Amino acid sequence: MKKILIILDGIVAKKLMQRIVEANTGDNSYDVIYMSDAILPVQKPSNFTFYKFDPTSKSKLSMVLDKNIHTEVLIALNSKDEMLNVIKNIREHTKNLQMTVLDYWGIKVNDPLVNIYRGIEVLANGMVEKLPNVPVLAQNIGLKQGEIMEIRIPFGSSYAYRYIGSIEQKQWKIFGLYRNQKMIEIKPSLVLKPNDVILVIGKPDVLMQVYNVIGKTQGQFPMPFGSNIYLYLDLYLEDENSVKKALDETKYLNQKLKNNLLIVRVTRPTTVEIMDLIKNELKHFPTIILQIDYANKGFTKIIKEDYRKYNIGMIILTHEMFKDKDRVKSVMELKIPVFKFGKEKLKSVKRTVIILNDTNSYEQISPIVFDISSQLKIKTKIFDLDPIGEKEGKSTLIDHFENLAKIFNEKLEVVTSGENPIRELKKQRNMLQILPLKQDMFKKRFSFKFFYTNSDFIAFDMNKFNQLLIPISEE
């Protein structure tokens, strides 16, 4: 058991004494020197011994110091002169005793064993942290450099409605979450919601970057999934025209989206002509990295290796890749968005389109919808189609999208009717459809009824439109 000396007087003495008693675990023994009975706690724990006298008295202070071998001293007094006098007397009595002092005057002590806790700075930091859009840092934990931070998730954040397992956490980590004044257990499937408060730990400069991204309400995609976009081309499946189209469309996305790099991964090279085409298309772009696989490692192994290496936030695949769903479904493990090329040209896209299905999935992808629309500078159109009368939850979901549209300052068109979703979808042109990425999308389709009732899966099987598939928590 450690013996600690506490010397208290002044305006903070009573509150400080109360906190020490509340934090008492019985593992320490305390000697408390005080001058006013006002600071005494109602309950006096058995491991506390109280002495009432003026701590500037060298003889009386020596009496307490002689009585026990203290490992540390905590000092909070009401006067600069008293503080310096007490520090001097303690040091003359004991050479190696560690002291922590509360300073409101800017005192300077040339003693490496005196830890000065500057009260004015603490108060100023506490006041500033109450302002909006200011990060809250742990002041006296860890290295005391700001490696622990509290962040509130604002409405419209790219992190809102993201499940924790889909958030790329490199050199930082979410280790706590508060919702409605209660701590929530952290698990990968937990979905972050607006007004949640998360506790994060990591490098201070990384945490400031994370704070800035979380606080912004648009223009962040492909974050929080990763910082780069990635095109995978299997040349055994493509001809010269499809390769040219894929490169043109991907370069367009690279110009529009707020990613750092575009990685083009070419595997199973075929002709010299196609390889020359690819190299010529990319050679004048400093933000594009071309990687060629000559060893035929296979799709699953390559994307897993590249995902870790390049911090991929979105993978881009041609519709030829989706003909083998068993192979492509391995992208589910990465928990990143998948861009699926359609037959329409991406440059001709005039709107993002959502066909509402289940509430849980579409609530999760909603911030990404407006983030993409804002970066591509196109409108958003929502179809609330209900041919069989399943209206439950749809009105609340539409209200949710309308509120987000106001936050993002984006235009939103809502079409409500009883039309068949697939017939309506086939009428559309020049659109980017945004869908939740689900496990069942990679299963074989058997019954006509299944096709008819689930617009997500039918749309996924279509090749007409460009589609962005966003990973969700399906629990």
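Just so you know, these numbers come straight off a predicted model, no measurement behind them.

Conventions used here
Residues numbered from 1 in each chain as written. Predicted model: local features only at pLDDT ≥ 70, side-chain atom pairs only at ≥ 80, totals over all residues. Heavy atoms only, no water. Helix = DSSP H or I, 4+ residues; strand = E, 2+ residues; numbered from the N terminus. Buried < 20%, exposed > 50% of the residue type's maximum accessible area, 1.4 Å probe, protein only. Arc of directions from axis to C-beta. Contact = heavy atoms within 4.5 Å. Salt bridge = Lys/Arg side-chain N within 4 Å of Asp/Glu carboxyl O. Pairing = 2+ DSSP bridges. Axes fitted to C-alpha atoms, helices over the stretch in contact; angles between N-to-C directions. Phe/Tyr/Trp six-rings, centres within 6.5 Å; stacked < 30°, edge-to-face > 60°.

**Notes on unusual backbone geometry**
Comment: phi is negative for the bulk of residues other than glycine, and the bulk of peptide bonds are trans. Each neighbour pair has its own omega, and for Phe221 with Pro222 the value is 20°, a cis peptide bond. Structurally, Pro222 is set in the loop between α5 (204–215) and β12 (228–234). The backbone phi angle of Gln171 is positive, close to 65°, even though this residue is not glycine. Here Gln171 shows up in the loop between β8 (148–152) and β9 (172–179). Here Gln171 falls in the partly exposed class, since its relative accessible area comes to 48%. For Asn195, which is not glycine, the phi torsion reads 80° and is therefore positive.

**Observations regarding helix α1 (residues 13–22)**
The set of residues buried in α1 consists of Ala13, Met17, Ile20 and Val21. Taken around the axis of α1, the buried residues stretch over an arc of 100°, which confines them to a single face. Every exposed residue of α1 that faces more than 90 degrees away from the buried side is listed here: Lys15 and Glu22. Of the surrounding elements, those touching the buried residues of α1 are β1 (2–8), β2 (28–34), β3 (48–52) and β4 (72–76).

**Side note on the pattern of salt bridges**
Per the stated rule, a full pass over the model turns up 22 salt bridges. Between Glu281 and Lys251 there is a salt bridge, with the nearest N and O atoms lying 2.8 Å from each other. On the criterion of sequence distance, the pair formed by Glu281 in helix α7 (residues 272–282) and Lys251 in helix α6 (residues 240–256) is long-range, its members being 30 residues apart. Summarising the burial analysis for this pair, Glu281 and Lys251 share the class buried. A salt bridge links Lys297 to Glu305, with the nearest nitrogen and oxygen atoms 3.3 Å apart. Given the relative accessible area of 43%, Lys297 is considered partly exposed. Linked by salt bridges that have partners in common, Asp234, Arg268, Asp324 and Arg327 make up one network.

**Re the sheet that holds strand β10 (residues 182–184)**
What the five strands build is an open sheet, ordered β7-β8-β11-β9-β10; its pairing is antiparallel. Looking at strand neighbours, the two that pair on one side only are β7 (136–137) and β10, the edges of this open sheet. Strand direction decides the pairing type here: β8 and strand β11 (residues 197–202), joined by five bridges, are antiparallel. In the sheet register, Met149 faces β11, and the bridge partner there is Val200. Against the sheet, α5 contacts β8, β9 and β11, and its axis sits at roughly 0° relative to β8.

**Here's the deal with the pairing of strand β15 (residues 312–317)**
Counting buried positions along β15 gives six out of six residues, so the element sits mostly inside the fold. In terms of strand pairing, β12 meets β15 through four bridges, oriented parallel. Bridge pairing in β15 places Leu231 opposite Ile316. Bridge analysis of β15 against strand β16 (residues 338–340) gives three bridges, and the strand direction is parallel. Across the sheet, Ile315 pairs through a bridge with Val338, a residue of β16.

**What about the packing of aromatic side chains?**
In total, this model carries ten aromatic pairs according to the counting rule given. Consider the rings of Tyr30 and Phe48, whose centres lie 4.5 Å apart with planes at 20°: the pair is stacked. With Tyr30 in strand β2 and Phe48 in strand β3, this residue pair connects regions lying 18 residues apart in the sequence. Judged by its relative accessible area of 9%, Tyr30 falls in the buried class. For Phe48, a relative accessible area of 6% puts it in the buried group. The interplanar angle of 55° and the centroid separation of 6.1 Å between the aromatic rings of Phe370 and Phe401 together place this pair among those described as tilted. Of the two residues, Phe370 sits in helix α10 (residues 359–376) while Phe401 sits in helix α11 (residues 394–408), which places them 31 residues apart along the sequence. An identical accessibility class is assigned to Phe370 and Phe401; each is buried. Ring pairing ties together the aromatic residues Tyr30, Tyr34, Phe48 and Phe50, which thus form one cluster.

**Quick word on the sheet that holds β3**
Taken in spatial order, the six strands of this open sheet run β3-β2-β1-β4-β5-β6, and their pairing is parallel. Strands with a single pairing partner mark the edges of an open sheet, and in this sheet they are β3 and β6 (114–118). On average, each strand axis in the sheet is inclined to that of its neighbour by 15°, with strand direction left out of account. Pairing geometry for β1 and β4, over five bridges, is parallel. Considered in β4, the bridge of Ile4 is made with Glu72.

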